[in-house]
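The lines below spell out each chain.
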Amino acid sequence: MRDDTGGDLLVAVLRELGIDTVFGIVSVHNLPLVEAVDRELRFVPVRHEASAVNAADAYGRARGTIGCALTSTGTGAGNAAGALIEALSSGTAVLHITGQVESPFLGSGRGFIHETKDQLGMLTAVSTYAATVPSARDAGRILRAAAHAARTAPGGPASVEWPIDLQYATQDDAPQPYAEPPTPTPGENELATAGALLASARRPLIWAGGGATRARRHLTELLTVTGAGLLTSNSGRGSVPEDHPQAIGNFATTPPARALLADADVLLSIGTHFRSNETADYGLRLPDAHIQIDLDAAALGRSYPARHALHGDATAVLERLLPHARPAEPGWPERITATRDEVRATLHDTIGPQAAICDAIRAALPRQAVIARDVTIPSSSWGNRLLEIYDPRDNVFPRGGGIGQGLAMGIGAALARPHTPTVVLAGDGGLAVHLGELLTLAQERPRLTLIVFNDGGYGVLRNMQDAHRDRRAGVDLATPDFALLARACGLPYRRIAAAEHAQPVITEAVTADGPTLVEVDLAALGPMKNPFTPPVKIPTA
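Note that the coordinates shown come from a computational prediction; the quantities given were computed from them, not determined experimentally.

J.: Any chance you could explain the pattern of salt bridges here in plain terms?
T.: When the charged atoms of two side chains lie near each other, side chains of opposite charge can form a pair. Using the criterion set out here, one finds 27 salt bridges in the structure. With its nearest N and O atoms 3.3 Å apart, the salt bridge here joins Arg340 to Glu388. Of this pair, Arg340 sits in helix H12 (residues 332-350) while Glu388 sits in the loop between helix H14 (377-383) and strand S16 (395-396); the two residues are 48 residues apart in sequence, bridging distant segments of the chain. Assessed through its relative accessible area of 9%, Arg340 is described here as buried. In the salt-bridge network here, residues are joined through shared partners; they are Asp8, Arg15, Arg39 and Glu40.

J.: Even after reading the chapter, I still don't get the packing of aromatic side chains, so can you show me in this structure?
T.: To describe a pair of aromatic rings, one takes the distance between the centres and the angle between the planes. Within the structure shown, the criterion is met by four aromatic pairs. Ring geometry for Phe23 and Tyr59: centres 6.0 Å apart, planes at 70°, overall edge-to-face. Within this pair, whereas Phe23 is found in strand S2 (residues 21-24), its partner Tyr59 is found in helix H3 (residues 49-63), the two being separated by 36 residues in sequence. Just as Phe23 is buried, Tyr59 falls in that class too. Where Trp382 meets Phe453, the ring centres are 6.1 Å apart and the plane angle is 75°; that geometry is what we call edge-to-face. Here Trp382 is found in helix H14, whereas its partner Phe453 is found in strand S18 (residues 448-454), with 71 residues between them in sequence.

J.: I'm lost on the side chain of Glu278 in this one. Help?
T.: Tracing the sequence through the fold places Glu278 in the loop between strand S12 (266-270) and strand S13 (290-294). Of the buried charged residues, Glu278 lacks a salt bridge, with Arg275 as the closest side chain of opposite charge at 5.1 Å. Not counting chain neighbours up to four residues away, the residues in contact with Glu278 comprise Trp207, Ser233, Asn234, Asn250, Ala252, Thr253 and Leu284.

J.: Would you explain the pairing of strand S6 (residues 129-132) in this entry?
T.: For a regular strand, side-chain orientation follows a simple rule: the groups alternate between the two sheet faces. Relative to strand S7 (residues 157-163), S6 is paired through four bridges, and the arrangement is parallel. Counterpart to Ala130 in the pairing with S7 is Ser159. What joins S6 to S7 is helix H6 (residues 139-150), and the crossover it makes is right-handed.

J.: Whenever I open this one, the packing of helix H13 (residues 354-364) against helix H20 (residues 502-511) confuses me. Can you help?
T.: The packing of two helices is summarised by the inter-axis angle and the distance between the axes. Packing of H13 against H20 leaves a shortest axis separation of 9 Å and a crossing angle of 35°. Note that H13 runs across H20; the crossing there is right-handed. Of H20, the residues touching H13 (which contributes Ala356, Ile357, Ala360, Ile361 and Ala364) are Ala502, Gln503, Ile506, Thr507 and Val510. Of the residues contributing to the contact of H13 with H20, the split by class is eight nonpolar, two polar and no charged.

J.: Please clarify how the sheet that holds strand S14 (residues 308-311) should be interpreted in this entry.
T.: For sheets, the rule is that strands pair by backbone hydrogen bonds, running either parallel or antiparallel. A sheet is described by the order of its strands in space; here six strands give the open sequence S11-S10-S9-S12-S13-S14, paired in parallel fashion. Lying at the two open borders of the sheet, with one neighbouring strand each, are strand S11 (247-249) and S14. The sheet shows a mean angle of 20° between the axes of neighbouring strands, taken without regard to direction.

J.: Explain the environment of Thr253 to me, please; I cannot follow it from the model alone.
T.: Along the chain, Thr253 falls in the loop between S11 and helix H10 (255-263). Considered as a pair, Thr253 and Thr479 are 226 residues apart in the sequence and their alpha carbons are 34 Å apart. In this structure Thr253 touches Arg258, Glu278, Thr279, Ala280 and Leu284, once residues within four positions along its chain are discounted.

J.: What's the story with the nonpolar core in this structure? I'm lost.
T.: Here is a general trend for soluble globular proteins: nonpolar side chains tend to be buried in one another's company. Formed by 78 residues in total, the largest nonpolar core has its most connected members in Leu14, Trp162 and Leu450. Per-element tally for this core: the top contributor is H3, with eight residues. Counting 51 residues, the second largest nonpolar core, distinct from the first, contains Phe251, Leu260, Ile351 and Val510.

What counts and how
Residues numbered from 1 in each chain as written. Predicted model: local features only at pLDDT ≥ 70, side-chain atom pairs only at ≥ 80, totals over all residues. Heavy atoms only, no water. Salt bridge = Lys/Arg side-chain N within 4 Å of Asp/Glu carboxyl O. Helix = DSSP H or I, 4+ residues; strand = E, 2+ residues; numbered from the N terminus. Buried < 20%, exposed > 50% of the residue type's maximum accessible area, 1.4 Å probe, protein only. Phe/Tyr/Trp six-rings, centres within 6.5 Å; stacked < 30°, edge-to-face > 60°. Lys, Arg positive; Asp, Glu negative; His and termini not counted. Contact = heavy atoms within 4.5 Å. Pairing = 2+ DSSP bridges. Right-handed = clockwise from strand over helix to strand, strands pointing away. Axes fitted to C-alpha atoms, helices over the stretch in contact; angles between N-to-C directions. Left-handed = near helix turned anticlockwise from the far one by under 90°. Nonpolar A, V, L, I, M, F, W, Y, C, P; charged D, E, K, R; others polar. Core = buried A, V, L, I, M, F, W, Y, C linked by side-chain atoms within 4.5 Å.

Listed below in C-alpha cells is the structure:
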C-alpha cells in the first residue's frame, strides 16, 4: 500500500487506533503530518507542546484508549518532555510524534534549524518507547510498534521522531491488524494458596489502584460476596462507584482507616503502586497477610511485602479467586460503612466553606462526567477524595504531581467525550503555567467549566512555609483580573465569593453549551478550618 506523504500514512494508522482528534503545534518540521490530520481528522492547535501531550493523555484516559500528540523537533520536543513524564508516571498510552531535521543532516551537529543534541536519547529517558523513522518503508512499522508499546503493561508514552524529508516522501506501508499483547497468568499453585488465604479472611480489606479499573465487575462481585471494605489509591477511584456503602475510597491514611487496617486479617491489593503520598511516605502499616495482584511484575513487593504476589491481569486473576471468597464475620461490613461515613463527614466539615463547592459540583454534574483536577489545595484536600467518582474514565488528574497540567488535560478529556460536561479544578498558580490554553479553550469551545481557586499564589507551599519557617519565599504571586482575562479570551465568567453562590453559579456553568471560567475568590469565601499541607516531611532545626 502506498501513501502520498507521511501525513496520509499517519491518518491511516490513527484510524486503525480509533483516534479522531490530535493535539499539537504546527511547525516546518511536522507540516505534512498536521496538514493531513487537519484535513481528515480533527487537529487541535494548543499553545504549548506540553499541553499537546497532556491533552492527548487525558483524551486517552477519558475514552479508555490511546491519544496522539504532534510536536516539533528540538525545543518543541523538549517542551513536551515534562508532560511525557506525567504519562510515563501514570502509565497512560500516548503516541507522541515529533519532527526531526532532514535525514542527511541528522546527528551532524552543524546547527541545522531546530536540531538538538541526541533528541532520541532525551525522548528515550521520558518515554516507554522511542524510535527514529529511518526510511519511508519503515514509518508504518515504527508507528504501529510505538502504539503497541504504549498499550502494553505497564504502558506509557511512545515517542517517534520523523525526519521532515521522510514525512514528505511517498510511503510504502504494509498494514497489520492490532493484536492485544498476551498477559501473564499466575500458576495454579500460586492461585490455590492465595485463594486459601482469601477464604480464611474474617476481616478482609481490598485496596484498588489503577490496575483495578478494568476489573470493575469482578471487584464489585468480590465486595458483595465478602463484605470487605474498599480502599483506593487516587488512580483506582471509580473502579467501584464511590457511593457504594463498602467504598471507603482514597482515605487510607486517616485515623479510622488506619484502625481498619490494623484490625484487618487479610489485605488484597489490586494494581496499586502504593505511592508515597497515599501511604504517609510508606509509614502506613498494612496487614502481614497481603495478596498482591499486578500486571507489572516490578511492582510486586516493591513498596510493601506480599505473602502472595500474583503476576497477571486483574480481571483474570479475580475471576480465579472469586470461588474462594467467603463472607466476613458479623459486624465487619457495618464497621466498613460506618468508617466510610465518618471519614467523609470529617473531611466535609474540615474544608469549611469549600464544602459547598464540592457539593454543588456533584449535584450539577450527571453521574458520568469528567472531573479533571490540577495539583492545587482543593484537589489535594477534597477533590481527590470527597468529590465522588463513579467511573474511572471520569477521573483525570496529574498522577506525577506536577502543577499546571489540569486545563490541558480537561480540554483533551472534554473533546474525547463532547456530549458530557467536564469540570476542571485549578489554582491560580497552576493555571498561570499554561495560561495560553485559555485561548485553546475559547477556540475549541468544549463543554468545560474551569473553576479557578484564586488565593494569590502557591497556597500549599505558602502553608508549609507559614507552618515551618519564619518567612515566605517564592509563594506570593501577582494574579490577573480573571473577569477581564475571560473577557479578553471571549469566555463567559462567573465568580464565587460566598458559599451560597456555589450552587447557582456552578449549575449555570455546567449546563451551558460551551466553556465558562468560574473564579473562586478564596479571600472572600473564607478559610478551611485547618490550613492544608501535603504529606511531605520537613526537617526542623
